[in-house]
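Structure at a glance
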Amino acid sequence: MHKHSYQSSWPAKIFSQSNTQITLSETGIELYPQKLGPTLLLWSEISPPVLISGTFFDQIIITSSQQKFAIRWLSKNNAASLYAKSSQQLYRYQSTLAANILSEISSKLAVTGYLRTSHCIAISEFAHQALAKIHIPPTNVKLPEDVVIIFENLLDWAHTDSQLISAIRETYVNEQKSRYKALFDAIESNPLTEKQRNACIVDEDNNLVLAGAGTGKTSTMIGRAAYLIASGQASDNQLLMLAYGREAAIEMRQRLKEKLAGTCVMASTFHSLGQQIIIHVEKTKPSVSPLAQDQKLLVNHIDHWFTQLLEQPEYKKTTLHYFEKYLYPNKNAFDFKSEGEYFEYLRSNEIRTLKGEAVKSYEECLIANWLFTKGIEYQYEATFQEKDTRSPDFRVYKPDFYLPATGIYIEHFGIDRHGNTASYVDREIYQQGMQWKRALHTQLNTTLVESYHYEQKESTLLTNLEKNLQALGVELTPLPDDALLATLKEFGAITAFSDLLGKLLQRYKAGNFDSATLKGKISNANNPGQLAAAIELLLPLVDRYEAQLKLNDEIDFADMLALATSYVEQGLFQSPWSYLLIDEFQDISEPRARLVKALRDSKTATSIFCVGDDWQAIYRFTGSDVALTTSFEQHFGATQTTSLDKTFRFNNSICDIASRFVMQNPAQVKKRITAHDVVTQPAVSIVRRHLENDDQFRALHDILQSISQMAISPTDMSTTKQSSTVYLLARYRFLLPDSVALNRINSHFPTLNIQTFTLHASKGKEADYVILLGLDNGKHGFPSRRVTHPLLEALLPLAEPYKHAEERRLLYVGLTRAKHRAYLLCDMSKASKFVTELISENYAVELNEFATSKSQAAVSEINCPSCDSGTLVTRQNNQNTFIGCTHYPLCKHIESACSTCDQSMKRQGSFRVCVDELCKTWVPICSSCDGDLKLRTSQYGRFWGCVNYSSEGISCTNKEKFIEPPIAIKPATVALPTMDQ
């Protein structure tokens, strides 16, 4: 380096200023003359120089670790040059320090392997500490590019630059893929895909592999283990694989034995792992209680304990209070969008009185139970005996309640304080009905007591009813607790509640709730009072259950997880595993997740590798929480997510339909799955058949016959080889053929291996063909309308806001079990909403593979106009054919069947038209009351009159002179009446 010298200007001499000569050298800045002699300031001691501009002269401030020097009276040019040269020399020196730090960082990277976020944080902290001792050049100092890059690289590390980190990671992954190509090519029967190889190599602190159905998640887990061992990142005893079920763990161990012979990678279930941790800490193997292994035994014990508790007066009173106030989920009828939705709520929850009566509304159930507990005899919807009220306008009158001892009638009206009805109820017609009932009772001088929906909203329904009845002289003789309890036992209510308490106990234990969590569950429940009351009844049972375990020195499966987690968190168990590989992660529950995190945190630098598919999360009822997958990073920390997006199981048709269907839920992780097998025709068939009596067996026979005769086709990969597998799947076991029927079916089709599974049990399996059964919209249909009891619901993970989210995933599971083709067998008159969605939303499904009736094909056009949820179907009554709603008896809407062929009729504008296009029968609809118009004759000629016309009472007097037939019907085929009037 050349020395650079600078001299103060002439005023310095005049005013006897010192520091008149400055020289920049390799080692630092030399200042002289000084009173005490020349001074050398080393670059390591100097802070960045400061330039202060004056009117004619400038000065430079040089600060060292010892003192501050002011170099005054510098000309403008000298000052600028000195500032630039000294700054450059200083930052060159600082760059050597920065380069040394970068060299240390490179050394750390060389032994790090994949650059985890935890490593990045440690390096960033190291770089930050170094920056505290290094001066970073400002932008106005010109430095060579190589010097600038050094500082930029150090700042990137200090600020954890994402592009730098991504580049380093990408380079590492590519190098590892090249180095271990032979391993990834041979570890499975088929070479691993690029995404699978990436998943094996990427080694973030927390790794989430989203593996679509059939994308090779097990192969990826085996590949991951093989790679970690082969690359020297882990020994086999540092790896732990966790599976949910015993069979899955056995299968994993078998795969490890085949693919990684000679290694001792541990594969375990969560419960088995928990047991081993407990053994390690307690030095003895815990005994698992028979109550945890025998459901019937547990139910018997709980029923016994519950019976004992009911002998205690306070517990008995608390129980009866619960039955009176909280037996059913309270839903406001006004909150439903349609009458059909409300009917579904009543059916799904089996709203019945304490006497076992099915009622039309939750509020009527409350009234019935109140009357019963107060000792007031009543008849529910008994036929009105005072007068035959049948007319063209009204059916037989059945008051809501009749009290035979006093002759009092009670009508509960579904109106608010302004006389409004629920949105799906015609207010005018409803009000007319109310007035008719009031007038009838006034005419006959019978006593009518009215109650209203708004009273329940205002919490005065029962108190007002009590006042009104007492004012009429009705005596309340409340049933003694024992008598009421005996009645509840007689109707099976106590047994049913005991069963519910058993399920609650299991959920309570499985959730491992502390008092704070339980309080949160209660406060967040839809009905906090109901849950709090149930917990009050449950806790004494929990105490007896725990006492039983303690007496026998036993634990249950929930204890295995809770105890093991506690021991790990307390440091009583030190994890030997550096890599945790968890299968089927979408099914994880909070207690299992807590154990995983405890193991991870108990050993430095432990990495977790979770493989799952949020599209197949179907076990919330057991406590599984899909949010642990969909919000993985939020729960576990810094995460690298890899998606396995190529399926080798099913073709593109099944893939596209199933994927589009499940992603209707916006909360599902968005994935684009591609299929290895490509077909040009739809591979999902909807088979529309009438399924009453033996019709399902005949339809099933037709599908299986088609499968067995299917020829090899190179275009769609469909082949029915000897013993091709066919799965019959349904939401519930009882909807499937029993063993006798299955043997009968298999004997008819010797080339097929036909098996039955529930949709839940089919998960993880695959077949050549799948046939889905039970696709209707009833209580045991699909999506299931069986409502989880609100008490159980409150103790489960938070439900998803998207309607039928888990049921939607369940259909995805069912469809994706099929390699070649899936068949959905359903009766369109009561078809699942999932089926109607597949049809109405134009999914690429096949509708015409099998013949279907006209009524089945047109059923989407014959929804019930009254409740808007049911479907109009053909019914028989006393040899007469008519059309009724599938929600009967809740919905009593009826219409006439086709007068020509007895088939259903669909609405087309202002007509009802036979669903059989060859029949062409049509009936005009009255524009006044929505009834049929009938061709009538009068002295003035023929005309169209409403069928609801009557010479007595209220009726529809609408007449039509001319009816224009539907466009679809040729005028020549319709004999129109001559209109003379």
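Residues numbered from 1 in each chain as written. Predicted model: local features only at pLDDT ≥ 70, side-chain atom pairs only at ≥ 80, totals over all residues. Heavy atoms only, no water.

Points about the pairing of strand E10 (residues 266–269)
Going by this rule: Think of it in three bands: with a 1.4 Å probe and only protein chains considered, a residue is buried below 20% of the maximum accessible area for its type, exposed above 50%, and partly exposed in between. The helix and strand labels rest on DSSP assignments: H or I over at least four residues marks a helix, E over at least two residues marks a strand, and numbering proceeds from the N terminus. Here, a strand pair is defined by DSSP locating no fewer than two bridges between the strands.
Alternating residues of E10 divide into Met 266 and Ser 268 and Ala 267 and Thr 269, and every residue in both groups is buried. As paired elements, strand E9 (residues 239–243) and E10 share four bridges and run parallel to each other. Paired with Ala 243 across the bridge in E10 is Thr 269.

Focus on the pattern of salt bridges
The condition is simple: Any Lys or Arg side-chain nitrogen found within 4 Å of a carboxyl oxygen on Asp or Glu counts as a salt bridge.
By the definition in use, this model includes 40 salt bridges. The partner of Asp 185 in a salt bridge is Lys 181, with the nearest N and O atoms 2.7 Å apart. With Asp 185 and Lys 181 both in helix H6 (residues 181–186) and four residues apart, this pair spans about one turn of that helix. Among the residues examined, Asp 185 registers a relative accessible area of 25% and is labelled partly exposed. Notably, a salt bridge pairs Lys 763 with Glu 584, separated by 2.8 Å at the nearest N-O pair. Of the two residues, Lys 763 is situated in the loop between helix H29 (759–762) and strand E25 (767–772) and Glu 584 in the loop between strand E17 (579–582) and helix H23 (590–602); the sequence distance between them amounts to 179 residues.

Quick word on the nonpolar core
Going by this rule: We define a nonpolar core as any set of buried Ala, Val, Leu, Ile, Met, Phe, Trp, Tyr and Cys residues linked to one another through side-chain atoms lying within 4.5 Å.
Grouped together as the largest cluster of nonpolar side chains are 81 residues, with contacts concentrated most on Tyr 322, Phe 323, Leu 371, Leu 469 and Leu 541. It is helix H21 (residues 528–551) that provides the largest number of residues to this core, a total of ten residues. Phe 650, Ile 657, Leu 811 and Cys 826 belong to the second largest nonpolar core, which has 40 residues in total.

Let's talk about the packing of helix H12 (residues 313–326) against helix H19 (residues 493–511)
For clarity, the threshold we go by: Where helices are involved, their axes are fitted lines through C-alpha atoms of the stretch in contact, as for all axes, and angles between N-to-C directions lie from 0 to 180°. The scheme is simple: roughly parallel for angles under 35 degrees, roughly antiparallel for over 145, roughly perpendicular for 65 to 115, oblique for anything else. Whether two residues touch is decided by their heavy atoms; if any such pair falls within 4.5 Å, the residues are in contact. Think of it as three bins: nonpolar holds Ala, Val, Leu, Ile, Met, Phe, Trp, Tyr, Cys and Pro, charged holds Asp, Glu, Lys and Arg, and polar takes everything else, Gly as well.
Put simply, H12 and H19 touch, their axes get as near as 13 Å, and they point 95 degrees apart. By the angle between their directions, the pair H12 and H19 is classed as roughly perpendicular. Each of Tyr 315, Tyr 322 and Phe 323 in H12 lies in contact with H19, whose residues at this interface are Ala 493, Ile 494, Phe 497 and Leu 501. By residue class, the composition of the contact of H12 with H19 is seven nonpolar, no polar and no charged.

Remarks on the pairing of strand E21 (residues 674–677)
Quick note on the threshold: When the strands point away from the viewer, a crossover counts as right-handed if the path from the first strand over the helix to the second runs clockwise.
Of the strand pairs in this sheet, strand E20 (residues 646–651) and E21 are connected by three bridges, and their pairing is parallel. Residue pairing across strands places Lys 646 opposite Thr 674, the latter belonging to E21. Where the polypeptide runs from E20 across helix H26 (residues 652–662) and back to E21, its parallel neighbour, the crossover connection is right-handed.

A few points about the sheet that holds strand E7 (residues 68–74)
Taken in spatial order, the three strands of this open sheet run E5-E6-E7, and their pairing is antiparallel. One side of each edge strand has no neighbouring strand; the edge strands of this open sheet are strand E5 (50–52) and E7. Strand after strand, the sheet turns through a mean of 20 degrees between neighbouring axes, direction not considered. By the bridge criterion, five bridges tie strand E6 (residues 58–63) to E7 in an arrangement that is antiparallel.

Things to note about helix H14 (residues 362–373)
Quick reminder: α-helices carry 3.6 residues per turn. Residues three or four places apart thus point the same way. Rules: One less than the number of residues in a helix, times 1.5 Å, gives the span that helix is expected to have.
Look at H14: 17 Å from first C-alpha to last across twelve residues, which is about the 16 Å you get at 1.5 Å a residue. Most of H14 is tucked away, with twelve of its twelve residues classed as buried. Downstream of H14 by a residue or two, Gly 375 has a phi angle that is positive, lying close to 75 degrees.

What to know about empty space enclosed by the protein
The line we're drawing: Using only the protein atoms, space was sampled on a 1 Å grid; points where a 1.4 Å probe fits but cannot get out form cavities, open sets with protein on both sides within 12 Å along at least five of seven lines form pockets, and lining residues are those with an atom within 4 Å of a point. Grid points are joined across faces, edges and corners, and a volume is the space filled by probe spheres set on the points.
According to the stated counting rule, one finds one cavity of 30 Å³ or more in the structure shown. Every residue lining the largest cavity is listed: Phe 323, Glu 324, Lys 325, Tyr 326, Leu 327, Tyr 328, Tyr 362, Cys 365, Leu 366 and Asn 369. Counting residues per element, the ones that place at least two in the lining of the largest cavity are H12 and H14. Of the residues contributing to the lining of the largest cavity, the split by class is seven nonpolar, one polar and two charged.

Read these as spatial facts, not as claims about activity.
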